[in-house]
Amino acid sequence: MPISEFAKQYYEKMFPGSASRFLETDPEFSDLFENFAFDEVINMPEIGGRELNDRTRHIAILATALGCQGIDTFRVMLAAAMNSGVTPVEIKEITYQAVPYLGIARVFPFFAAVNEFLRSNGVPIPLENQATTTFETRRAAGSQALVEIFGDSMRGFWQSGPEESRHINCWLTDNCFGDYYTRKGLTRAERELITFCFLLAQGGCEPQLTNHVLANIRCGNDRLFLIKVVSQCVPFIGYPRCLNALACVNKATEQK
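So, here is what we can say about the structure in this document. (Residues numbered from 1 in each chain as written. Predicted model: local features only at pLDDT ≥ 70, side-chain atom pairs only at ≥ 80, totals over all residues. Heavy atoms only, no water.)

**Some points on the nonpolar core**
One recurring pattern in soluble globular proteins is that nonpolar side chains are buried together.
And then number 1: Core analysis: the biggest nonpolar cluster contains 72 residues, and Leu66, Phe74, Ile94, Phe196 and Phe198 have the highest contact counts within it.
And then number 2: Beyond its immediate sequence surroundings of up to four residues, Phe74 is in contact with Leu62, Ala65, Leu66, Thr95, Phe110, Ala113 and Val114. (Core = buried A, V, L, I, M, F, W, Y, C linked by side-chain atoms within 4.5 Å. Buried < 20%, exposed > 50% of the residue type's maximum accessible area, 1.4 Å probe, protein only. Contact = heavy atoms within 4.5 Å.)

Okay, here's the thing in structure tokens:
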């Protein structure tokens with residue numbers, strides 16, 4: 001089946017003046033993939049809920065590529081993201097926040113990809129500082145963020161748990177939430193969205209993913225919106241992890 005007119009136009013919007021590399025080597029696959037990813041998925045049936053626009057779609061795609069360690073796809077989709085309205089600061093913030101969820105060992109090569117892309121597009125780096133906390137204020141700010149995102153049950157979380165592992169809860173409060181969630185550049189809802197994508201794409205994190213479904217809903221990313229996001233991930237990470245994510249969405253909303 002030839003590539004649809006919509007898929008061609010959407011591809012041109014993402015990558016102006018550029019042709020798919022598969023057209024030369026795998027034209028049959030190019031037809032299959034681009035019709036699905038850039039037409040059928042983009043034009044998925046309307047299910048209601050919050051709208052998923054191109055900018056937010058590409059924020060989710062970048063976070064998903066990070067989560068599944070898709071460095072080559074990440075490199076390619078950086079241009080599509082920028083052409084869809086994702087700013088250099090937002091790209092950096094997505095990459096930074098991946099560290100507490102994926103670890104620097106997995107995120108390290110993505111820093112090089114981002115810096116190379118920004119330099120090639122004439123963006124001077126380093127970018128403007130986005131931090132809002134200091135070493136002295138990060139715990140209080142992180143604690144407040146935890147309460148606002150997850151509810152009052154998280155108040156005092158930093159000093160909870162068994163004594164021998166309490167430092168992990170303290171680090172999660174100070175570092176994950178105090179250092180990263182308090183930064184400028186992305187809204188609270190967008191930070192929860194990218195966390196959702198990190199977790200669903202890496203797999204094996206279903207308990208945390210279920211908790212972050214509820215956090216997303218508290219931040220305004222409703223159930224139907226999250227289903228739209230998962231749907232957009234199918235071409236990039238496949239059906240098994242997306243089906244697991246949908247199960248977590250349904251489990252969390254049933255509990256709620």
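Now that the structure has been shown, we can carry on.
**Focus on the packing of helix 1 (residues 5-14) against helix 3 (residues 27-40)**
And then number 1: In the contact formed by helix 1 and helix 3, the axes pass within 8 Å of each other and the chain directions differ by 75 degrees. Between helix 1 and helix 3, the angle falls in the class roughly perpendicular. Touching Phe6, Ala7, Tyr10, Tyr11 and Met14 of helix 1 are Glu34, Asn35, Phe38 and Asp39, all from helix 3.
And then number 2: Residue composition of the contact of helix 1 with helix 3, by class: six nonpolar, one polar and two charged. (Axes fitted to C-alpha atoms, helices over the stretch in contact; angles between N-to-C directions. Helix = DSSP H or I, 4+ residues; strand = E, 2+ residues; numbered from the N terminus. Parallel < 35°, antiparallel > 145°, perpendicular 65-115°, else oblique. Nonpolar A, V, L, I, M, F, W, Y, C, P; charged D, E, K, R; others polar.)

**Details of unusual backbone geometry**
And then number 1: Ile125 connects to Pro126 through a cis peptide bond whose omega is 5 degrees.
And then number 2: Along the chain, Pro126 turns up in the loop between helix 7 (104-120) and helix 8 (138-150).
And then number 3: Residues other than glycine seldom take positive phi values, yet Gln69 does so here, at roughly 65 degrees.
And then number 4: On the secondary structure map, Gln69 appears in the loop between helix 4 (54-67) and helix 5 (71-83).
And then number 5: For Gln69, a relative accessible area of 32% corresponds to the partly exposed category.

**Points about the pattern of salt bridges**
And then number 1: Inspection of every chain in the model, using the stated rule, returns twelve salt bridges.
And then number 2: Glu46 is the salt-bridge partner of Lys228, the closest N and O atoms lying 3.7 Å from each other. One end of the pair, Lys228, is in helix 12 (residues 223-237); the other, Glu46, is in the loop between helix 3 and helix 4, with 182 residues separating them in the sequence.
And then number 3: For Lys228, a relative accessible area of 8% translates into the label buried.
And then number 4: For Arg138, the salt bridge is made with Asp179, and the minimal N-O distance between the two is 2.8 Å. Here the residue Arg138 occupies a position in helix 8, and Asp179 occupies one in helix 9 (residues 166-181), the gap between them amounting to 41 residues.
And then number 5: Given a relative accessible area of 14%, Arg138 falls into the buried group.
And then number 6: Shared partners join several salt bridges into a network, and the residues in it are Lys13, Asp54 and Arg57. (Salt bridge = Lys/Arg side-chain N within 4 Å of Asp/Glu carboxyl O.)

**A closer look at a nonpolar patch on the surface**
And then number 1: Together, Phe22, Phe29 and Leu32 make up an exposed nonpolar region whose accessible area comes to about 290 Å².
And then number 2: Within the secondary structure layout, Leu32 lies in helix 3. (Patch = residues over 30% accessible without salt bridge, like charges linked within 9 Å, V, L, I, M, F, W, Y side chains within 5 Å. Areas by Shrake-Rupley, 256 points an atom, 1.4 Å probe, with all protein chains shown as cover.)

**Looking at the side chain of Ser20**
And then number 1: Inspection of the secondary structure assignment puts Ser20 in the loop between helix 1 and helix 2 (22-25).
And then number 2: Classification of Ser20 by relative accessible area gives buried; the value is 10%.
And then number 3: A polar atom in the side chain of Ser20 sits 3.2 Å from the backbone nitrogen of Phe22. (Polar contact = N/O pair within 3.5 Å; in protein donor to acceptor, adjacent residues only side chain to side chain.)

**Some details on the environment of Cys176**
And then number 1: Among the secondary structure elements, Cys176 is positioned in helix 9.
And then number 2: Among the residues examined, Cys176 registers a relative accessible area of 6% and is labelled buried.
And then number 3: A C-alpha to C-alpha distance of 24 Å links Cys176 and Arg223, two positions 47 residues apart in sequence.
And then number 4: Beyond its immediate chain neighbours, meaning those up to four positions away, Cys176 contacts Pro100, Tyr101, Trp171 and Tyr181.

**Digging into helix 11 (residues 206-218)**
A turn of α-helix holds 3.6 residues, and therefore any two residues three or four places apart point the same way.
And then number 1: Helix length check: helix 11, at 13 residues, gives a terminal C-alpha distance of 19 Å against a target of 18 Å (1.5 Å per residue), a fit within 8%.
And then number 2: Buried within helix 11 we find Leu209, Thr210, His212, Val213, Ala215, Asn216 and Ile217.
And then number 3: Close packing links the buried residues of helix 11 with helix 6 (88-102), helix 8, helix 9, helix 10 (188-202), helix 12 and helix 13 (239-255).
And then number 4: Where helix 11 terminates, the next one or two residues include Gly220, which has phi positive at roughly 105 degrees. (Expected span 1.5 Å × (residues − 1).)

**Looking at the packing of aromatic side chains**
And then number 1: Overall, the coordinates contain twelve aromatic pairs when judged by the stated rule.
And then number 2: Ring centres 5.7 Å apart and planes at 20 degrees place the aromatic pair Phe29 and Phe33 in the stacked group. Separated by four residues within a single helix, Phe29 and Phe33 lie in helix 3, roughly one turn from each other.
And then number 3: Residue Phe29 is classed as partly exposed on the basis of its relative accessible area of 38%.
And then number 4: Ring pairing ties together the aromatic residues Phe6, Tyr10, Tyr11, Phe15, Phe22, Phe29, Phe33 and Phe38, which thus form one cluster.
And then number 5: The ring of Phe225 carries the charged tip of Arg50 above its face, separated from the ring centre by 4.2 Å.
And then number 6: Looking at Arg139, its charged tip hangs above the ring of Trp158, at a distance of 4.3 Å from the centre. (Phe/Tyr/Trp six-rings, centres within 6.5 Å; stacked < 30°, edge-to-face > 60°. Lys NZ or Arg CZ within 6 Å of the ring centre and 35° of its normal.)

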